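Working through the structure, step by step
So you can see what is in the structure, the chains are spelled out below.
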Amino acid sequence: AKRQGRGLVVLFEPAMEEDRLARLELEADLNRAFEKDEFQVFYQPQVDLVSGELVGAEALLRWKHPTKGFVSPAVFIPVAEEMGLIHRLGAWVLTTACCEAKRWPSTATIAINVSAVQFATGDLVAAIGEALEASQLPAERLELEITESAFVQDSKGLDEIFERLLGLGISFALDDFGTGYSSLGYLHRFPISKIKIDRSFVSNVPMDGQAMAILRSIRALAEGLDIKTIAEGIETPEQAETLRIMGCQQGQGYLFGKPMDAEAIQSRLRADGSQ
Ligand code: C2E
Ligand code: CA
Ligand code: CA
Ligand code: CA
């Protein structure tokens, strides 16, 4: 074999080449997936922790790859963002989910994830306008789940986007709360009406004293700012009860239902409403 300057480089080269090829293949597959109708929106119930009733659902994107099966959005969303595909894909999720929600009981809300990349470029407002127009869903029933990364950009443009969306009647939930850097200032600056407490704080209650302390301070903060909280990743009745006692209004997680297809969420919402 040829001598190379640094052994380490040689060692890692084959793996990197493999990664690069896998990545190119993923990009090509993603481009094709759109025309081939391989994307689907699933819906996970969100409940009122006090009454136990369903309040709505979160839309979660699914990609059924022809040979690899279901690919996690945690894997392909970042790639779609880098490719710029997220705009088309995000617009499709918005329209699909709003049209679906229009068929639900008239109080049920739909929460849709919006990536920071969608926020950064001006077409988000147009995409939302089109989704609302196509579905005839009242804007009050649409909630956008955003993460702190949406705030890390030119703030003048941001204020305008928030203002326009807020003007339509849409509300905002801050996703993965507690995992980022400086959420507190953002809560004050931007029109956030709900905090979504990250699963990492929910998983270990009530046993983990530190997680409990963090939850209590998030609750106190939310109460002081008049912001609702929803806890994600609730898997046990103990977790649900602990959060309810802390004053957390809503919950989401496998305890109440895994993400399910459009037909399944519709019958869940209908059955719940007629109780
Ligand atoms: P997320 O917004 O934090 O969504 C919650 C994730 O936790 C979902 O994973 C959901 O299936 C999972 N989950 C819900 N309840 C439980 C539970 O009780 N236990 C456990 N272990 N997990 C639970 P999923 O569907 O794989 O989505 C992963 C991430 O992909 C989402 O995290 C979100 O950031 C992103 N994503 C999904 N759909 C979209 C979309 O339409 N647009 C954008 N921009 N991002 C999306
Ligand atoms: Ca979310
Ligand atoms: Ca989340
Ligand atoms: Ca999360």
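This write-up is about the structure you can find in this document. Note that the structure is predicted; figures quoted are calculated from it, not measured. Going along each chain's sequence as written, the residues are numbered from 1 onward. As they are written, the chains are lettered A onward and the ligands numbered 1 onward, keeping that order. Given that the model is predicted, a residue must reach a pLDDT of at least 70 before its local features are reported, and side-chain atom pairs must reach 80 or more before they are shown or counted; all residues, however, enter totals for whole chains, interfaces and linings. Side-chain measures were taken over the full set of non-hydrogen atoms in the model, leaving aside hydrogen atoms and water.

Another aspect to go through is the site of ligand 1. Near is defined per residue: the residue qualifies when any heavy atom it owns lies within 4 Å of the molecule or strand. With respect to spatial proximity, 21 residues lie near ligand 1, and among them Gln44, Leu61, Arg62, Glu235 and Tyr254 are the closest. Residue Asn113 places a side-chain N or O atom 3.2 Å away from an oxygen atom belonging to ligand 1. Here Asp175 contributes a side-chain N or O atom positioned 3.1 Å from an oxygen atom of ligand 1. The protein chains shown are the only cover counted for residues, whose accessible areas, like all others here, come from Shrake-Rupley with a 1.4 Å probe. Against a free-state accessible area of 800 Å², the protein chains account for coverage of 82% of ligand 1. Elements that contribute at least two residues to the shell around ligand 1 include exactly β2 (54–65), α2 (73–83) and β6 (171–177). Helix numbering and strand numbering both begin at the N terminus, where a helix is a DSSP run of H or I of at least 4 residues and a strand a DSSP run of E of at least 2. Broken down by element, the residue count for the shell around ligand 1 peaks at four residues, all from β2. The term polar contact refers here to a pair of N or O atoms within 3.5 Å; inside protein, the definition further demands a hydrogen-donor-capable atom paired with an acceptor-capable atom, and it admits residues adjacent in sequence only when both atoms are side-chain atoms.

Turning to the coordination of the calcium ion (ligand 2), a few remarks are in order. Metal sites are built from N, O and S donor atoms within 2.8 Å, or 3.2 Å for Na, K and Ca, and they leave out water, so they may look incomplete. Looking at the calcium ion (ligand 2), the protein donor atoms are Glu58 (OE), Asn113 (OD1), Glu145 (OE) and Asp175 (OD), and they sit 2.2 to 2.3 Å from it. Each donor residue of the calcium ion (ligand 2) lies on the same chain, and together they follow the pattern E-x54-N-x31-E-x29-D. A separation of 3.9 Å is found between the calcium ion (ligand 2) and the calcium ion (ligand 3), which are bridged by Asp175. Note that Glu58 is positioned in strand β2 and Asn113 in strand β4 (residues 109–113), a separation of 55 residues in sequence.

This part takes up α2. Relative accessibility thresholds used throughout: buried, under 20% of the residue-type maximum; exposed, over 50%; partly exposed, between the two (1.4 Å probe, protein chains only). Among all positions in α2, only Phe76, Val79 and Ala80 are buried. Summarising the axial view, the buried residues of α2 lie within an arc of 105°, below the 170-degree limit, and thus occupy one face. Turned more than 90 degrees from where α2 packs its buried face, Ala74 and Glu82 sit exposed. Two to three positions downstream of the cap, the backbone nitrogen of Ala74 sits 3.0 Å from a side-chain oxygen, assigning the N-cap of α2 to Ser72. Of the residues one or two after α2, Gly84 is the one with positive phi, at around 85°. Note that the arc is computed from the directions linking the helix axis to the C-beta atoms.

A separate point is unusual backbone geometry. Residues Val205 and Pro206 are joined by a peptide bond in cis, for which omega reads 5°. On the secondary structure map, Pro206 appears in the loop between α8 (199–202) and α9 (209–225). Here Asp37, not a glycine, exhibits a phi torsion of approximately 65°, which is positive. Summarising the element assignment, Asp37 is placed in the loop between α1 (7–35) and β1 (39–48). Even without glycine at this site, Asp176 takes up a positive phi of about 55°. Looking at where Asp176 falls in the secondary structure, it is placed in strand β6.

At the metal site, the calcium ion (ligand 3) is ligated by Asp175 (OD), Asp176 (OD), Glu232 (OE) and Glu232 (OE), and these contacts range over 2.2 to 2.9 Å. Read in sequence order, the donor residues coordinating the calcium ion (ligand 3) give the pattern D-D-x55-E.

On to the pattern of salt bridges. Put simply, a salt bridge is a Lys or Arg side-chain nitrogen that is within 4 Å of an Asp or Glu carboxyl oxygen. Per the counting criterion, the structure on display carries 14 salt bridges. Its salt-bridge partner being Glu27, residue Arg23 comes within 2.8 Å of it at the nearest N-O pair. Residue Arg23 and its partner Glu27 are located together in helix α1, separated by four residues, close to a single helical turn. What makes Arg23 partly exposed here is its relative accessible area of 27%. By relative accessible area, Glu27 is classed as partly exposed at 22%. Within this structure, Glu25, Asp29, Arg32 and Lys68 form a network of salt bridges that share partners.

Turning next to α9. Under the 1.5 Å per step criterion, the end-to-end length of α9 is 24 Å for 17 residues, consistent within 8% with the ideal 24 Å. Within the span of α9, buried status applies to Ala211, Met212, Leu215, Ile218, Arg219 and Ala222. End-on, the buried residues of α9 take up no more than an arc of 125°, which puts them together on one face. In this structure, α9 carries Gln210, Arg216 and Gly224 as exposed residues pointing more than 90 degrees from its buried face. Note on definitions: a residue-residue contact is assigned when non-hydrogen atoms from the two residues lie within 4.5 Å. Where α9 is buried, its residues contact β6, β7 (194–197), α8, β8 (228–231) and α10 (237–245). One fewer than the residue count of a helix, multiplied by 1.5 Å, yields its expected span.

Here a pair means two rings of Phe, Tyr or Trp (six-membered ring of Trp) with centres within 6.5 Å. Their orientation is stacked below 30 degrees between planes, edge-to-face above 60, and tilted elsewhere. Taken as a whole and assessed by the stated rule, the structure comprises 12 aromatic pairs. Pairing Phe151 with Phe190 gives two aromatic rings, centres 4.5 Å apart and planes at 10°, and the pair type is stacked. Here the residue Phe151 occupies a position in the loop between β5 (142–146) and α6 (155–168), and Phe190 occupies one in the loop between α7 (183–189) and β7, the gap between them amounting to 39 residues. Each member of the pair, Phe151 as well as Phe190, carries the same accessibility label: buried. One aromatic cluster in this structure is built from Phe119, Phe151, Phe162, Phe172, Tyr186 and Phe190. Either the NZ atom of lysine or the CZ atom of arginine qualifies as a charge over a ring when it sits within 6 Å of the ring centre and within 35 degrees of the ring normal. The positively charged end of Arg88 is found above the aromatic ring belonging to Phe34, 4.4 Å away from the centroid. When the ring centre of Tyr254 is taken as origin, the NZ or CZ atom of Lys258, which lies over that ring, is 4.7 Å away.

Such coordinate-based values are descriptive only and should not be taken to indicate function.
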